[in-house]
Amino acid sequence: MARELIKGNVAMAESAIRYGLEAYFGYPITPQTELLEHLAKRMPELGRAFVQAESEVAAINMVYGAACTGVRVMTSSSSPGVSLMSEGISYIAGTEIPAVLINVMRGGPGLGNIAPAQSDYNQAVRGGGHGDYRNIVLAPASVQEAIDLVGLSFDLAEKYRTIAMILADGSIGQMMEPAELPEMRPIQRKDPEWATNGNPNRPRRQLTSIYLEPHDEEITNLRLLKRWQDIQTNEVRYKEYYLDDADYVIVGFGTAGRIALSAVRAARAKGIKVGLLRPITLSPFPVAVMDELSQRAKAFLVVEMNTGQMLDDVRMAVRGRAPIEFYGRPGGVVPFPDEIMSEIERMTHAKLNSQTDPRMAWLERALAR
Amino acid sequence: MVTLIKPTFAMEQNAVYCRPQAFTDVSTHYCPGCTHGVAHRLIGEVIDEMGIRENTVGVAPVGCSVFAYNYFNTDFVEAAHGRAPAMATGIKRVLPDKVVFSYQGDGDLASIGMAEIMHAAARGEHITVIFINNAIYGMTGGQMAPTSLPGMKTTSSPNGRDVETQGYPVRMAEMLAQMDGAGYVVRRSLHDPANIRKAKKAIRTAFEVQQHGLGFSLVELLSTCPTNWGMTPVDALGWVNEHMIPAFPLGDYKVSPAVAQIKF
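Cut-offs applied
Residues numbered from 1 in each chain as written. Chains lettered and ligands numbered in written order. Predicted model: local features only at pLDDT ≥ 70, side-chain atom pairs only at ≥ 80, totals over all residues. Heavy atoms only, no water. Helix = DSSP H or I, 4+ residues; strand = E, 2+ residues; numbered from the N terminus. Expected span 1.5 Å × (residues − 1). Buried < 20%, exposed > 50% of the residue type's maximum accessible area, 1.4 Å probe, protein only. Pairing = 2+ DSSP bridges. Domains from an automatic or database assignment. Contact = heavy atoms within 4.5 Å. Buried area = accessible area lost by both parts, 1.4 Å probe. Salt bridge = Lys/Arg side-chain N within 4 Å of Asp/Glu carboxyl O. Nonpolar A, V, L, I, M, F, W, Y, C, P; charged D, E, K, R; others polar. Axes fitted to C-alpha atoms, helices over the stretch in contact; angles between N-to-C directions. Parallel < 35°, antiparallel > 145°, perpendicular 65-115°, else oblique. Left-handed = near helix turned anticlockwise from the far one by under 90°. Core = buried A, V, L, I, M, F, W, Y, C linked by side-chain atoms within 4.5 Å.

**So, helix α9 (residues 254–269) of chain A**
Residues and elements named next belong to chain A.
- Helix length check: α9, at 16 residues, gives a terminal C-alpha distance of 23 Å against a target of 22 Å (1.5 Å per residue), a fit within 8%.
- All of the buried residues along α9 are Gly-254, Thr-255, Ala-256, Gly-257, Ile-259, Ala-260, Leu-261, Ala-263, Val-264 and Ala-267.
- Immediately beyond the C-terminal end of α9, within one or two residues, lies Gly-271, with a positive phi of roughly 85°.

Have a look at this one:
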């Protein structure tokens, strides 16, 4: 396929279609609405299911129903809508069935705003809903990566019978860039051994998330965790930039990671040995590479479009072996590369201390600005 | 001493009253005298008569019938509280040739699931809903339901439902009948054999509506909860007749012209 100029939301929608999406259920919310609109047009003309639900609560429960039949199904929303979907996400996790969810994040909490933010990191990587489970969370930094991760998310969701969430932000959703869509793949409807698809000539099947006997629920929780261990072992993904000889390591995901890369290049032009680690799987978090970097980096700088959520995962991975600094722009404000460049320069001159709370140190600087 | 004899195949051949094929071979967890068992039985018989057992996906609710999926010998899923119509929508939209039904109580359907049921009807989803109205929350121990009658004592309206502060009962069949997408919406009662026969015919009609692609279908069944009403099973049946039917009149609230033509 040729590269074309395409908007992130539309690209993710069309990518899902080409990777075999059979059903979409959603509710309009900015800044992801183009995704729903594209599918509203395309799915019916392909003879596939599309429903604009009465709410995000209904949408995720429609996803839940369709997912129980074993077809490729997806929904998309933005931060407040994902909160409403948390109920269904938990049930899907408890029922151990595959589903894909795209969160095009905006500023929050509450109604917040419609500007790009990364404020739902914790909600996404810690599961979001009630109960003991984890989601696979994938963070694209470009329209092309978003296209590719949609395909990967279906494969991972089905392989591990889990939820795979694309955690994008408003700028990935709204931005147009040149990208290449995959070829249209024919629908291959499968009959997984668990699917409640009403097929004849076999024993009945049931899908439920209720285990009234605590020992049964405990076994379920342990099974989910064992599966998560496999996911941690097999599915960690990240991108490294200029890390081979780096004294300083920036960690940033999605749009913040991409902006940080511009700053890294500017710093390299000035002779500063700085590199970037951009996690693609936020969950499972790339702990092993962080562990290796912790043993040779002089310091880390975490850059996020929130008040330091991934920062906690970085701190757990570094375990006090190197100082960590933080720079955030929450609330829908997108940082400029210059701001991150200033942080890099500050870091190379400052006397850093691994005992300082990087979030509170940053807060003091941010409030003084 | 009572000896339990498992019926042989030959005995079943001669039996006049057998477990429906659409049932699994287990006992239910329902309280003695509760009419959930009657409602299940009617659905099972209808599924058998229509020959759709291996073509059906059921959706269980949250409430006393949360374990309905254990009792039907069909594919079944267990929904979140009130979301059964949304879940059924998801299933039916990807499997339009299958029969999809939900089984929901009044707390599930008329309170927390009000949005999902109204919009499933508005969209004319080709699903069948069996709605058990017993005017109380059974599983959590007898709290006030959206269908509890004015003055009715429950554990969360201990002095009787005060309409000034706790509002009025919700009449779902009447409301759902207003939806253009609904093909068949009726209310029946399970309090005596004549009404049970009428209820079965309505359930059969509702499944036929789905098979004929004539839109959303719902059968509301006035049902008993002897345990939480604090009555004997017989008194509970009488209470349905004396108190519930006046508040929830039986009848056909929506029978679209196309549905009226169905023959079976």
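**With respect to the sheet that holds strand β1 (residues 56–60) of chain B**
- With mixed pairing, the eight strands of this open sheet are ordered in space as β9(A)-β2(B)-β1(B)-β3(B)-β4(B)-β8(B)-β7(B)-β9(B). Where the open sheet ends on each side, the last strands, each with one partner, are β9 (206–207) of chain A together with β9 (251–255) of chain B.
- As defined by bridge partners, strand β7 (residues 182–189) of chain B adjoins strand β8 (residues 216–222) of chain B across seven bridges and the pair is classed as parallel. Among the inter-strand pairings, Arg188(B) is bridged to a residue of β8(B), identified as Leu221(B).

**Some thoughts on the domain arrangement of chain A**
Residues and elements named next belong to chain A.
- For chain A, the domain assignment lists domain 1 (4–234) and domain 2 (238–368).
- One C-alpha centre belongs to domain 1, the other to domain 2; they are set 29 Å apart.
- Domain 1 puts 32 residues into the contact, and the matching count from domain 2 is 24 residues.
- Both sides together, the interface formed by domain 1 and domain 2 hides about 2,100 Å², and carbon and sulfur atoms give 50% of it.
- On the domain 1 side of the interface with domain 2, the three residues burying the most area are Gln-118, Tyr-121 and Ala-141, jointly 34% of the side's total.
- Where domain 1 packs against domain 2, one counts three salt bridges.
- The residue Asp-313 makes a salt bridge to Arg-126 at a minimum N-O spacing of 3.1 Å.
- When its residues are assigned to classes, the side of domain 1 that touches domain 2 shows 18 nonpolar, nine polar and five charged.

**Structural notes on the packing of helix α10 (residues 287–294) of chain A against helix α11 (residues 310–318) of chain A**
Residues and elements named next belong to chain A.
- Viewed as axis vectors pointing N to C, α10 and α11 meet at an angle of 60°, and their least axial separation amounts to 8 Å. With respect to each other, α10 and α11 are oriented oblique. Crossing of α10 against α11: the hand is right-handed. Within the contact between the two elements, α10 uses Met-290, Asp-291 and Ser-294 and α11 uses Val-314, Ala-317 and Val-318.

**Focus: the nonpolar core**
All names here are of chain A.
- Within the largest apolar cluster, 115 residues are counted, with the highest numbers of intra-cluster contacts made by Ile-250, Phe-300 and Ile-340.
- Sorting elements by how many residues they give to this core places helix α3 (residues 56–68) first, with nine residues.
- Residues lining this core come from more than one domain, with at least three contributed by each of domain 1 (4–234) and domain 2 (238–368).
- Setting aside residues no more than four positions away along its own chain, Ile-250 makes contact with Ala-260, Val-264, Val-274, Gly-275, Leu-276, Leu-277, Leu-301, Val-303, Ile-340 and Ile-344.

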